[in-house]
Amino acid sequence: MKLYCLSGHPTLPCNVLKFKSTTIMLDCGLDTTSVLNFLPLPLVHSSRLSKLPGWVSKDGTVNLEKELKECSGRVFVDSHPEFCLPERELLDLSTIDVILISNYHCMMALPYITEHTGFTGTVYATEPTLQIGRLLMEELVNFMERVPKAQSATCWKNKEIQRILPGPLKDAVDVWTWKRCYSMQEVNSALSKVQLVGYSQKVELFGAVQVSPLSSGYSLGSSNWIIQSHHEKVSYVSGSSLLTTHPQPMDQSSLKNSDVLILTGLTQMPTANPDGMLGEFCSNLAMTIRAGGNVLVPCYSSGVIYDLLECLYQFIESASLGTTPFYFISPVANSSLEFSQIFAEWLCHNKQTKVYLPEPPFPHAELIQTNKLKHYPSIHGDFSSEFRQPCVVFTGHPSLRFGDVVHFMELWGKSSLNTIIFTEPDFSYLDALAPYQPLAMKCVYCPIDTRLNFHQVSKLLKEIQPLHVVCPEQYTQPPVSQSHRSDLMLELQPPPMPYRRCSVLNLPFRRRYERVYILPELANSLVPSEIKPGISVATVSAVLHSKDNKHTLQSVPKPPPVPPSKKRKRVMEEPPVVLVPKPLLSGAVPLEAFLATLQKHGITEVKVEETADGHILHLQAEDTLIQLEEDGTHIVCDNNEPLRTTLRDLVLRFLQKL
Amino acid sequence: MDTECVSLLPRVCEVLADSARSLPDDTTLEKLLDWFTGFTKAGGSLLEACPCLLEFVSTVVYNTTSDPSVLSFTLRLTGLMAASEDGFIMLQEYSVLDLVFKLQHWQEAGLWDDPCIRIGWIQGLWSMLQHPKALTFFVQSGDTPYFIEPLLQLQTDRSIFVASAANQMLAHILLFFQPPLSAGCNGIGKKDGDDKRTHASITDLDQPAITLENRAEYAAVVTAILEYLKESLVPKENTQLHQSLQLLKLLSLLLTQARSPLRDMLLQTVAGSLEELVTTGYSQLTVPLMDVILAAHSSGTDEPDKHITHLLSSMLKINKPADLIHAAAAVLRRGHHDTAHTAWAVRLLLLPLSIITGQTLLGAAGDEHHLSMVEQLKSKTLCIPVVCVSLTSSPQITLMPADFLPCPPVTIVTAVLSLLRVCSGHVSSSCTGCTEVFRNVIGSGKVQRCALDALTAFSCSPGAKEKISEVLTILTQYLDSPDSDPTVLHKSYQALVKWTCVCKDLSSIKDQLRQDLIRVVKKRVCDMRWEVRDSTVEFLGKAAGVLKSAKEEHDVFEALLGGCSCTTPLLKEALQDPESYVRASAISALAQTLAHSWHQGAALTQEQTEIVSRLLEILSQDTEGFARRAVIQFFITWFLSCSSHSPPSSSTSSSSSSLLMNSVHSILSLGSTDLDWEVKVHTLELAELLLDEAFSGHRGYGKGSNSHPALLHPNAVVSDQAWKSDLVSALSGLVELGVISVLLSGLFDCDRPVGLKACQLLITLRETVCPLSLEALDATTAMATVARVSCELPGWGWGQEIRKIVRMKKNDRANEMAVTGADEVCSKEHNEAGEHSVSEGGESVCVGVCEVLRSLGLDERLGVLTQSSDHVHNSPLSLLQDILTASAAHAHPDTQPGQEVIVDCY
């Protein structure tokens, strides 16, 4: 069993598991942090961005004025943003049989994998994962396509040139593999390969393994996966949460007794407690509004935003923010808010019960109804006529490189009354803000990451006790910036197996058993004999039939009736002579009883010698040895066949025959 | 004792003695006993006052079918009666005592198994053992003291109440009968022969009660108890730890109170056992054992016993770090003054801090317990208590003389600061502490709270002031941290107030820190948790109050929090808070913040006007009492700070005090009609201040006069006329402000505290404006003008009530006049009254203030109001009646269920 690691990002994993003749891809996360190296895509023409000076090397030998621009002391690529894809050279992606998706954040690279690689397999995901994943992809494509860029920068990727570039660009890895965003057509084609599954539904893969999603408690429809054969079990834990937020709670008990547990998607903010951050979010928001400023919240259009809105719903009154408008701007804002309300079966119990009242499970419905929350597909159109300040705006993209957020950064960045509150943990806020510097706007970082923290995960692992744990190498040591925090790493016995991008791990377990079925008629013919109380044994003669990874014992076909003619047949055609198998023996020879039997048969002079494994009986008169051992009996008797036969029969009397 | 009670008591005794009849409730007997105890303590003799009790006791004690609770009561009552020598003698004459306390009697009746009998027995004996005769009885004849054996057995009783009572009883016997100090040189420690000789000298001294015989008896008791201690102190098995614990507690009690001979004997007896306990090292016994050893060690007079010193040293060297810390903490707690041991205990207590933070608190020398302590700290469950003990002791350590300390006190402060940093997860890479321990303390609220408490206490430590900048930085970090628990935030605020209060010079504080602090406070005012908002608002008030009262040259409040201009808007915002506690805190904080400007008589601002109108809104509309009470308090504070500066009424119209005086009328009328009685009492307090203000310096005014001694100068010449016109204008002023109405309506309030307060104030007022002693006089000339001052009474409620009373009084007086024939006066009076005639119902009318004050019968009212409303129910008479009624009701089983007597249980 092997694990191929195609992504080094611990929360955007992409691994391939080879298990019993199947090739399973676990998630295909897209590392979007690469976009931080690019200039923002403004929705409205920005004179500031268009006037940026181009970059020329100090000695003037390299001139990339067209491709690279200097902004606030850093160099950015002036081109369509590009993403860092999962590794594609490590193994042939066309050999992948299935892709299992754990949550909508971990499927953004799907079109790159399923399209143009020869992939012919199936993708499994839950319904909310598919639908919200589609929204996020749609949003991404929309963000990119509505601001077309004429040119595409490629020269800077030249290895020789990249080496002399400044700052983070120089250290960017695998830049030549970076790709532009996919198209809507590719998205649709990729998503057409998705087959929907429900929690605990068992899916057979070629009869060899069974896969089954379990609730992971992180987001709507998010799942962990169990991949098991009859005798082996692999758990894939990716993006799980034990907090009480909107999704169904995590199913922990089904993860028990795993041989291997692949652990990814722990919190990216182990030191930031989500509750504290939520409090921070609310108080900073209230503080800004009270002072007459606006609040900008760059966020994804699904996920934490539901919890933020719910929290604000309760907070608005207590902070007397009742009259402040809240805007949610995204091409998919409407669908996201509405989808969340219809996936009742995927929600936590509390919200599920509301559906029967009947009430919308999320309170944002009420916020919309009372006009406190308004949503718009973009800043163009209706929004501009409704826009009132001071207000709170939720919009994407959290990288601040594209989407409507770019506009608000330009609009509000100059006033210190305004505040930007980062809630998504995926991007470093300082890097995200880099092209907007100098910035007067206040900036608050309260990343809300509800995924498991180290404390929770060690408790979880203690409970479910997997034999081996595989995890990204980042989890096996404290964070670089906080080397004293020994509490921010996994400490396990045996130690977890770390992986990094391009690792190929041999998973440490040997397959010992295989399940074999027996046909009823064959079973019917068996004659079990009891060898110990409660244990019976029977011998089987049968034909082993293997197909689709299923093994069946069938009765031996009867020899065809011998034709009446006495015509000689060719030897080849003669049916195989079915030999009657010799009976199998079991049991032990009791020494005292055996000696007594020997005496009855006139053998009296027996010298008994004790050995490590049993006894040696020396029949002195007959000059014969009987070695009684745990798993064998030897009679050494030269030239006295009758005696040997007699002795053999005496021994056999004490043994059971099958 | 009340004769009525005495007459009821025989029947009550009958009821109690009759096992068939029941009691009203299970607290009856306790109440009865309390009554008897009170009577005895006041010096009364129960047997003399209530001879029926003797008969009761002798009847009940034979009737073993009685309710066990009645029997237990009887045991305790007997003890109480025998507490005096006379009672004791009488009871013995009737041979009641022997039977009551005879163990066999109860055992044979099968009642001894009931814990309430056992506890009754112990407490009865205990009450009785107050004189030598009782001791003789307790010991009786024979080789071993008669009662001591069962008492010792009860030490391990399965009921912890019984065991504990038995334990304390032993202490009582030993301590109560121990020979007086002057005779204590050689007394009991010696053999019998010796004993007799010293006894002769004792009897010569001032101890006539202790007879020679008693000495021997006492010695026997002591011997028995000591024997028991010697045998039972060391637990034979783990299950007996509880007994050892009890005995250790007893022992430390004895050692702290016993005098020389007894003390020496105790020490001699238990020395071996103590040593064994020290060597065995039961963790649960560490603290009580330490208490015993310390009590033994601090002998006061002589050099402490070498053996005990050795034990103390061993305790401070035991090999279980957790126990070691507790032992060391005990040394500090007991205020021990042995240099070597205290210094060693300090080292032990600082060890965990030193290990975690890597601060060199203990010098370069390695500690023998270092390794085991590190191991201990690595375990989460064991680590936190140890660290907390260490932290809790640290403030005391910093205040110790230098020769006890292994490092300067400032280093300890530094260590606690760096522990606080670790706790919040901010571990700097230069920190040399034990990283494996970090994971146990990071984010631990308990450690954070202990450390913050310690930090608060450090503000007084020598040399700590130099740390102010660092302290403020950490506290700001804690206040800023999203993960801080509300209690941690609260403690951080407390520490902040304390430190800034102590360290006046904040010039070393960087601007950045100031800005951070202001930002954090602004953020916390908007916190989601109301507890946090409340703490923050409270902090703002305290900061303004404490820091300003210091009256330093540079205003600390201004320097740290940007002064009122920064905090007042925050507090104004908090007045709208949905949580009433926060609103209330905000109101008090505003009062503290504004007090300064009031005090200086600063000009009125638009902001103040806004605040006042908002407060009046709260007073009239808020649904929660806390906020409304705070509003009245706000105005009281305002009034106080204005009047200490200049009388509010005399201020110019532009000053803030004019706003105050303009609002008073509304406050009084809103406050006095509030539903919450505390609001009403506060309103009366405000009225009291107004009274003080109006009459300060007037003859006969009882209260306000103290605050203005200058005006009361004996030689001050004030013409009588001027004084009168002053009085009239003051009284009219009060009527106008509505003070008189508030007082009068308060008098008829259904809440007793309100009525009481109003009544007291009205009496003061009456003594000032129309003293009864001048009544005859005023009718003629002097008071006539004052009497003309009238006030309006509403035509409903209390107004109607007062009018009725005034009318009745008037009729009475008219009748009286008619009889005496004082026509002239009568007609004059009548005329005057006619001006503000008292008509029936409906419209409001005016009445003379003085007339009302005189008519109301305030003194009688005060008498009634002073008594608590349940005084009737709580009286012994009521108790006795209850018992009788309940038994009567029970005696007639055919009583209808609805007619059952409902007994007042409180």
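The numbering scheme is per chain: residues are counted from 1 as the chain's sequence reads. The lettering of chains begins at A and the numbering of ligands begins at 1, in the order of writing. Local features are withheld for residues below a pLDDT of 70 in this predicted model, meaning they are given only at 70 or higher, and side-chain atom pairs are given and counted only at 80 or more; totals for whole chains, interfaces and linings count all residues. The side-chain numbers reported here are obtained from all heavy atoms of the structure, hydrogens and water having been left aside.

Draft legend 1. Spotlight on the overall build of chain A. Along chain A, the regular secondary structure elements total 18 helices and 35 strands. Throughout, radius of gyration means the C-alpha value; the globule benchmark is 2.2 Å times the number of residues raised to the power 0.38. Over its C-alpha trace chain A gives a radius of gyration of 35 Å, far above what one expects of a compact globule, namely 26 Å for 658 residues. Each of the 658 residues in chain A was classed as buried or not, and the buried ones make up 50%. As displayed, chain A has an accessible area near 30900 Å², and 52% of this comes from carbon and sulfur atoms. Across chain A, the 58 positively charged side chains and the 65 negatively charged ones have centroids separated by 4 Å. Secondary structure follows DSSP: runs of H or I at least 4 residues long count as helices, runs of E at least 2 residues long count as strands, and numbering of each begins at the N terminus. Accessibility here uses a 1.4 Å probe with only protein chains present; expressed as a share of the type maximum, an area under 20% marks a residue as buried, one over 50% as exposed, and anything in between as partly exposed. The Shrake-Rupley method, run with a 1.4 Å probe sphere, supplies the accessible areas, and residue values consider only the shown protein chains as cover. By the counting scheme adopted, Arg and Lys are positive, Glu and Asp are negative, and His together with the chain ends is not counted. Positions of charges follow a simple convention, taking NZ of Lys, CZ of Arg, CG of Asp or CD of Glu.

Draft legend 2. Spatial organisation of the packing of aromatic side chains. Stacked, tilted and edge-to-face pairs are distinguished by plane angle, under 30 degrees for stacked and over 60 for edge-to-face with tilted covering the rest, among Phe, Tyr and Trp rings (Trp via its six-membered ring) whose centres lie within 6.5 Å. A full pass over the atoms with the stated rule returns 39 aromatic pairs over all chains. The interplanar angle of 80° and the centroid separation of 5.4 Å between the aromatic rings of B:F634 and B:F635 together place this pair among those described as edge-to-face. Of the two residues, B:F634 and B:F635, both sit in the buried class. Members of the aromatic cluster, connected to one another through ring pairs, are B:F88, B:F101, B:W112, B:W121, B:F137, B:F138 and B:F147. Its guanidinium or amino end placed over the ring of A:F362, A:K351 lies 5.1 Å from that ring's centre, counting from NZ or CZ. For the cation-ring pair, B:K317 lies above B:W344, with the distance from its terminal atom to the ring centre recorded as 5.7 Å. For a Lys NZ or an Arg CZ to count as sitting over a ring, it must be within 6 Å of the ring centre and within 35 degrees of the ring normal.

Draft legend 3. Region of interest: the nonpolar core. Each nonpolar core is a collection of buried residues, namely Ala, Val, Leu, Ile, Met, Phe, Trp, Tyr and Cys, held together in the definition by side-chain atoms within 4.5 Å. Membership of the largest hydrophobic core comes to 291 residues, with the highest contact counts inside it found for B:W121, B:F138, B:F634 and B:L765. It is helix α20 (residues 339-357) of chain B that provides the largest number of residues to this core, a total of eleven residues. Between two residues, a contact is recorded if the distance between any of their heavy atoms is within 4.5 Å. If sequence neighbours within four positions are ignored, B:F138 has contacts with B:L125, B:L129, B:Y146, B:F147, B:I148, B:L151, B:M169, B:I173 and B:V221. A:F119, A:M137, A:L278 and A:L347 belong to the second-largest nonpolar core, a separate cluster that totals 110 residues.

Draft legend 4. Summary view of the packing of helix α17 (residues 286-297) of chain B against helix α19 (residues 321-333) of chain B. Residues and elements named next belong to chain B. Only the stretch in contact is used when fitting a helix axis, every axis being a line fitted to C-alpha atoms; angles between N-to-C directions are given from 0 to 180 degrees. At a minimum axis distance of 9 Å, the contact between α17 and α19 shows a crossing angle of 35°. Crossing angle aside, the handedness with which α17 passes α19 is right-handed. Across the interface between the two elements, T286, V287, M290, D291 and L294 of α17 pack against D323, H326, A327, A330, V331 and R333 of α19. Looking at the contact of α17 with α19 residue by residue, the class counts come to six nonpolar, two polar and three charged. Throughout, a crossing is termed right-handed when the near helix is turned clockwise from the far one, and left-handed when it is turned anticlockwise from it by less than a right angle. In the scheme used here, Gly and all other residues not listed as nonpolar or charged are polar, with Ala, Val, Leu, Ile, Met, Phe, Trp, Tyr, Cys and Pro taken as nonpolar and Asp, Glu, Lys and Arg as charged.

Draft legend 5. The UniProt feature "domain: Beta-Casp" (unreviewed entry) in chain A, seen in detail. UniProt positions are given in the numbering used here, feature names are shortened, and annotations may be inferred rather than shown by experiment. Per the UniProt record, "domain: Beta-Casp" (unreviewed entry) is found at residues 305-433 of chain A. Each end of residues 305-433 of chain A is marked by a C-alpha atom, and these two atoms are 21 Å apart; helix forms 43% of the span and strand 12%.

Draft legend 6. Representation of the domain arrangement of chain A in the model. These domain boundaries are the output of an automatic or database domain assignment. Split by domain assignment, chain A resolves into domain 1 (2-267 + 451-506), domain 2 (274-445) and domain 3 (585-657). Each of domain 1 of chain A and domain 3 of chain A was reduced to a C-alpha centroid, and the two centroids are 70 Å apart.

Draft legend 7. Looking closely at the pairing of strand β1 (residues 790-793) of chain B. All names here are of chain B. Of the two faces of β1, only the one carrying C791 and L793 is buried; S790 and E792 on the other face are not. Two strands are said to pair when DSSP picks up at least two bridges between them. Note: β1 against strand β2 (residues 845-848), four bridges, orientation antiparallel. Considered in β2, the bridge of E792 is made with C846.

Draft legend 8. Examining the side chain of B:D157 more closely. Residue and element names in this part refer to chain B. With respect to the helices and strands, D157 occurs in the loop between α11 (148-153) and α12 (160-176). Counted as a polar contact is a pair of N or O atoms within 3.5 Å, where, for protein atoms, one must be capable of donating a hydrogen and the other of accepting one, and residues adjacent in sequence contribute only when both atoms are in side chains. In terms of polar contacts, D157 uses its side chain to reach the side chain of R118, at 2.7 Å. Within polar-contact distance, the side chain of D157 engages the backbone nitrogen of S159 at 2.9 Å. What D157 contacts, discounting residues up to four positions off in sequence, is R118, V162 and A163.

Draft legend 9. A look at the pattern of salt bridges. Basic side-chain nitrogens of Lys or Arg form a salt bridge, by our definition, when they fall within 4 Å of a carboxyl oxygen of Asp or Glu. Under the criterion given, the structure shown has 49 salt bridges over all chains. A salt bridge links B:D527 to B:R524, with the shortest nitrogen-to-oxygen separation between them at 2.6 Å. With a relative accessible area of 1%, B:R524 lands in the buried category. Overlapping salt bridges, with partners in common, bring together A:E280, B:D480, B:R519 and B:K523 in one network.

Draft legend 10. Representation of helix α5 (residues 68-81) of chain B. Residue and element names in this part refer to chain B. In this scheme, a helix's expected span is set at 1.5 Å multiplied by one less than its residue total. Between its first and last C-alpha, α5 extends 20 Å over 14 residues, near the 20 Å set by a 1.5 Å rise per residue. For α5, the buried fraction is high: twelve of the 14 residues fall into the buried class. The complete set of buried residues in α5 reads V70, L71, S72, F73, T74, L75, R76, L77, T78, G79, L80 and M81. With a side-chain oxygen positioned 3.0 Å from the backbone nitrogen of S69, the residue opening α5 is D67.

Draft legend 11. Summary view of the packing of helix α39 (residues 752-769) of chain B against helix α45 (residues 858-866) of chain B. Residue and element names in this part refer to chain B. Where α39 meets α45, the axes come as close as 9 Å, and the angle between the chain directions of the two elements is 150°. One way to sum up the angle between α39 and α45 is to call them roughly antiparallel. Crossing hand, α39 versus α45: left-handed. Taken together, the residues of α45 that come into contact with α39 (itself represented by R752, G755, L756, C759, Q760, L762, I763 and R766) are L858, D859, R861, L862, L865 and T866. Residue composition of the contact of α39 with α45, by class: seven nonpolar, three polar and four charged. Here the word oblique covers every angle except those under 35 degrees (roughly parallel), over 145 (roughly antiparallel) and from 65 to 115 (roughly perpendicular).

Draft legend 12. View of the interface of chain B and chain A. On the chain A side, the residues contacting the 24 residues of chain B number 23 residues. The junction of chain B with chain A conceals about 1900 Å² of combined surface from both sides, 59% of it contributed by carbon and sulfur atoms. When two components associate, each loses some accessible surface as probed by a 1.4 Å sphere; the sum of these losses over both components is called the buried area. Taken as a group, B:R439, B:C526 and B:M528 account for 32% of the area that chain B buries against chain A, more than any other trio of residues on that side. Taken together, the links from chain B to chain A amount to three salt bridges.

Draft legend 13. Molecular detail of the state of the cysteines. Residue and element names in this part refer to chain A. Any two cysteine sulfur atoms lying within 2.5 Å of each other are counted as a disulfide. Applying the stated criterion across every chain, the model contains zero disulfides over all chains. For the unlinked cysteine C181, the closest cysteine sulfur is that of C28, found at 14 Å. Cysteine C446 remains unbridged, with the sulfur of C282 as its closest cysteine sulfur at 8.9 Å. Here C446 falls in the buried class, since its relative accessible area comes to 0%.

Draft legend 14. Region of interest: helix α2 (residues 28-41) of chain B. All names here are of chain B. Relative to the 20 Å expected for 14 residues at 1.5 Å per residue, α2 spans 20 Å between its end C-alpha atoms, a close match to the ideal helical length. Within α2, burial applies to T28, L29, L32, L33, W35, F36 and F39. Down the axis, α2 shows its buried residues gathered within 155° of arc, on one side only. Turned more than 90 degrees from where α2 packs its buried face, D34 and K41 sit exposed. Directly beyond the C-terminal end of α2, a positive phi value near 100° is found at G43. Along the arc lie the directions from the helix axis toward the C-beta atoms.

Draft legend 15. Focus on the sheet that holds strand β15 (residues 260-264) of chain A. All names here are of chain A. The strand order β11-β12-β13-β14-β15-β22-β23 describes an open sheet built from seven strands, whose pairing is mixed. Each edge of the open sheet is held by one strand with a lone partner, namely β11 (203-205) and β23 (497-499). Going across the sheet, the axis of each strand differs from the next one's by a mean of 20°, ignoring polarity. Where strand β14 (residues 233-238) and β15 come together, five bridges link them in parallel fashion. Bridging across to β15, V234 finds its partner in V260.

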